[in-house]
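Here are the chains, one letter per residue:
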Amino acid sequence: MTAHRRTIERVELRRIAMPLVAPFRTSFGSQTDRDILLVRVVLADADGTETEGWGECVALSEPSYSPEYVDGAQHVMVHHLLPRLIASGPLEAADVAPRLAKLHGHPMAKGALEMAVLDAQLRATGQSFASFLGATATRIPSGVSVGIHDSTDELLSTVQGYVDDGYVRIKLKIEPGSDIEQVAAVRELIGPDTPFQVDANTAYRRTDGAHLRRLDDYDLLLIEQPLPEDDIIGHARLAAEVATPICLDESLVSAAGTADAIELGACEIANIKPGRVGGYLEAVRIHDLCLARGIPVWCGGMLETGIGRAANAALAALPGFTLPGDISASTRFYAQDIVTDPITITDGHVTVPVTPGLGFDLDMAFLDAVTTATFDVEL
Ligand code: NPQ
Ligand code: MG
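What you are looking at is a predicted structure, and each value in this text was computed from that prediction instead of being measured. (Residues numbered from 1 in each chain as written. Chains lettered and ligands numbered in written order. Predicted model: local features only at pLDDT ≥ 70, side-chain atom pairs only at ≥ 80, totals over all residues. Heavy atoms only, no water.)

Q: I'd like to hear about unusual backbone geometry, residue by residue, with values.
A: It is generally the case that most residues other than glycine have a negative phi and that most peptide bonds are trans. The phi dihedral of Q225 falls on the positive side, at around 40°, and the residue is not glycine. Mapped onto the fold, Q225 is located in the loop between β8 (223-224) and α8 (232-241). With a phi angle near 50°, D347 is a residue other than glycine that sits in the positive phi range. Examined against the element boundaries, D347 turns out to sit in the loop between α11 (306-315) and β12 (349-351). Of the residues examined, D347 reaches a relative accessible area of 67% and is grouped as exposed. (Helix = DSSP H or I, 4+ residues; strand = E, 2+ residues; numbered from the N terminus. Buried < 20%, exposed > 50% of the residue type's maximum accessible area, 1.4 Å probe, protein only.)

Quick look at the structure:
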């Protein structure tokens, strides 16, 4: 065991500013730029051989999707997580979560650190992330998440563009107001055979059961996170009231909590986002328990750069990922990516990366061009 553990030699944090190709609106707000925190670690093995690894923190700039936000994630890494991790001695990726377990919360910050260690570890051993995880698919179906539009005509032209791009599944962000009308219009546009689902990002209340039941007319794959994240019983009641399956996103922050939500009947389908649950290793545990309980899963997205997008593609190649994920082409959100091999879609699918590590190579010149700040963490 100890032979696989490596010493953290260096940690650099980097903030990048990535303009979105178009504003992305959800029920919690509209964004035009993505402010992302990247982590670079250098690990050294017993011979002193150094390997770098990168992690991407999915926290947004404000605590609007979850309690974490990017400045807070950076602060907790620098002042709490990294000092504890570095003091804990040589490590491998599987050590990161247990060694940070006494520090509560902050899954996105913890997940980014685990991701960087995992990337370095896999690069050192020459193994791809897909192979490490036990991926069974070589390509995965690509879905697209469509933001809220004021105008239904504009929404339909946006959706038509994604259909033309080849996306095999449409996800529409919804909120109370023109939800039913817009779902009806999109279903009419894409026809009965295109997989279609909606995401409310907590915008509804327990009393909205009768309203949400109207969505049953449109043959949706699922309704994602209709109620507030802590309302597990509310989701269970809704699941009994509405025929369309209820899928949880924001509510699922650990494997244990996911098991409870499933047992309570609140989670008929699970959106697995590695950052939200503290990293890829916990994401795999959620995959495993959902597979054992017959709960379909799919991989969510947080507008990742090519770093997180490549890693998500490898995760989504596990056998329980039976629904298309929000793993779209890099160009869905960004005119240019920070990787040399941006994620693309062919025939509606993304190829699972097989290079050592998480499966990306950085375009350092472009990365430097979008960098707004860099910090060396004191060891
Ligand atoms: C979701 N993602 O499934 C999230 C929410 C999310 C792809 O729909 C900037 C603005 C970044 C809004 C990252 C997708 C965001 C954002 C994630 C929303 O709920
Ligand atoms: Mg969601």
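Q: So what about the coordination of the magnesium ion (ligand 2)? Which residues, and what values?
A: Listed as protein donors to the magnesium ion (ligand 2) are D199 (OD), E224 (OE) and D249 (OD); their distances from the metal cover 2.1 to 2.3 Å. Sequence positions of the donors to the magnesium ion (ligand 2) reduce to the motif D-x24-E-x24-D. Here D249 lies in the loop between β9 (246-248) and α9 (255-263) and E224 lies in strand β8, a separation of 25 residues in the sequence. (Donors = N, O, S within 2.8 Å, 3.2 Å for Na, K, Ca; no water.)

Q: Requested: an account of the environment of P107, with residues and values cited.
A: Locating P107 in the fold gives a position in helix α3 (residues 107-125). As a C-alpha pair, P107 and A283 span 176 residues in sequence and 11 Å in three-dimensional space. Ignoring anything within four residues of it in the chain, the contact list for P107 reads E68, G275, R276, V277 and G278. (Contact = heavy atoms within 4.5 Å.)

Q: How would you sum up helix α2 (residues 93-100)? Please name residues and give values.
A: When we look at burial in α2, the residues that qualify are A93, D95, V96 and L100. The buried residues of α2 occupy one face: seen down the axis, they fall within an arc of 140°. (Arc of directions from axis to C-beta.)

Q: Describe the site of ligand 1, listing the residues and the values that go with them.
A: By nearness alone, 19 residues border ligand 1, and Q31, S145, K171, N201 and G301 come closest of all. Here an oxygen atom of ligand 1 sits 3.0 Å away from a polar atom, N or O, in the side chain of K273. A distance of 2.9 Å is found between a nitrogen atom of ligand 1 and a backbone nitrogen or oxygen belonging to G301. Expressed as a share of its isolated accessible area of 440 Å², the protein-covered part of ligand 1 is 99%. Here ligand 1 occupies the largest cavity. Contributing elements (two or more residues each) for the shell around ligand 1: β1 (7-26), β2 (29-44) and β6 (169-173). Of the residues that constitute the shell around ligand 1, the class distribution is six nonpolar, five polar and eight charged. (Near = heavy atom within 4 Å. Polar contact = N/O pair within 3.5 Å; in protein donor to acceptor, adjacent residues only side chain to side chain. Areas by Shrake-Rupley, 256 points an atom, 1.4 Å probe, with all protein chains shown as cover. 1 Å grid on protein atoms, 1.4 Å probe; cavity = no way out; pocket = protein on both sides within 12 Å on 5 of 7 lines; lining within 4 Å. Sits in = over half its atoms within 2 Å of the grid points. Nonpolar A, V, L, I, M, F, W, Y, C, P; charged D, E, K, R; others polar.)

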